[in-house]
Number of protein chains: 2
Amino acid sequence: MRDREDYMLKGLSEEELLELADLFKMFSDSTRIKILYDLFDGEKNVTEICEDIDMNQSAVSHQLRALKTAKLVKSRREGKSIVYALDDDHVKTIIAMGKEHIEE
Amino acid sequence: MRDREDYMLKGLSEEELLELADLFKMFSDSTRIKILYDLFDGEKNVTEICEDIDMNQSAVSHQLRALKTAKLVKSRREGKSIVYALDDDHVKTIIAMGKEHIEE
DNA sequence: TGAACATATGATAATATATTCATATGAAAA
DNA sequence: TTTTCATATGAATATATTATCATATGTTCA
């Protein structure tokens, strides 16, 4: 392996490539992609998401945290609930491109 | 869990959602995304790819097979070599969207 | 034909990831 | 201020994924 520092593939550093992979990792799990897709039509609290995608609360919470860390969703408290929403315009585009690919 | 058959999240079936996740899984590994990105500027044989991304031949071959199964790359023989190329127009768009996200 | 080159493949071991369970935290309502 | 509702979190287990090693397959050329 060359030095980590000077590894570059056409303008993208090793670090940026790892970041890219980590980003797409968020879309690579069916629970997470269901959550993202569920949020396409607006914000929802955790309970609603659980019902929509038919997964238990703990699993959903864990994945929501991952999505939030990746800055793909944001959250705010509303009374007892926490409401989640998409936090990136590219999310819809990325998923739409994916849909087009599998529909071919 | 409801019946697998009738589970649907806004027009996408369970099966399509799994397909989507599997597609994005291809972008979620740094070796694979390096390969895809390396093929942005045209076809290359396996040896060239190995050199560009600085990974050993076996690992690259394994990942190329995965990418081919996912219909993201195609290959053809050219003498002793096998030449790989991108096989989907959406690949560039998907990666470009990812780049935009991480650059924010 | 056999040596050299290019790629693919199977098995294994190391690592990463997701779900579940139990429980903690935090807000509201009785 | 205790109970209930909503969400988060840590630990443990189960599963999936990846790189490596050894070797097989296929091609060219002497």
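Placed above this text is the structure.
Novice: Explain the protein's contact with DNA strand D to me, please; I cannot follow it from the model alone.
Specialist: Surrounding DNA strand D, one finds 25 residues, the nearest of these being A:Thr47, A:Ser58, A:Tyr84, B:Asn56 and B:Ser58. Each atom of DNA strand D within 4 Å of the protein was assigned to sugar, phosphate or base; sugar and phosphate come to 65%. A distance of 2.7 Å separates a phosphate oxygen of DNA strand D from a polar atom in the side chain of A:Ser61. Here a phosphate oxygen of DNA strand D sits 2.4 Å away from a polar atom, N or O, in the side chain of B:Asn56. Counting residues per element, the ones that place at least two in the surface near DNA strand D are helix 3 (46-53), helix 4 (57-69) and strand 5 (81-86) of chain A together with helix 2 (30-38) and helix 4 (57-69) of chain B. Ranked by the residues each element gives to the surface near DNA strand D, the list is headed by helix 4 of chain A, at five residues. Of the residues belonging to the surface near DNA strand D, the class tally is five nonpolar, 13 polar and seven charged.

Novice: Looking at this model, I keep getting lost on the relation of the copies chain A and chain B. Mind explaining?
Specialist: To go from the first copy of the chain to the second, apply a rotation about an axis and then a shift along the same axis. Superposition record for chain A on chain B: RMSD 0.0 Å, screw rotation 180°, translation along axis 0.0 Å. This pairing of chains is accounted for by a two-fold axis. Of the residues that chain A buries at the interface, 100% are likewise interface residues in chain B, meaning the two copies contact each other through the same surface.

Procedures and definitions
- Residues numbered from 1 in each chain as written.
- Chains lettered and ligands numbered in written order.
- Predicted model: local features only at pLDDT ≥ 70, side-chain atom pairs only at ≥ 80, totals over all residues.
- Heavy atoms only, no water.
- Near = heavy atom within 4 Å.
- Polar contact = N/O pair within 3.5 Å; in protein donor to acceptor, adjacent residues only side chain to side chain.
- Helix = DSSP H or I, 4+ residues; strand = E, 2+ residues; numbered from the N terminus.
- Nonpolar A, V, L, I, M, F, W, Y, C, P; charged D, E, K, R; others polar.
- Least-squares fit on C-alpha atoms with pLDDT ≥ 70 in both.
- Contact = heavy atoms within 4.5 Å.

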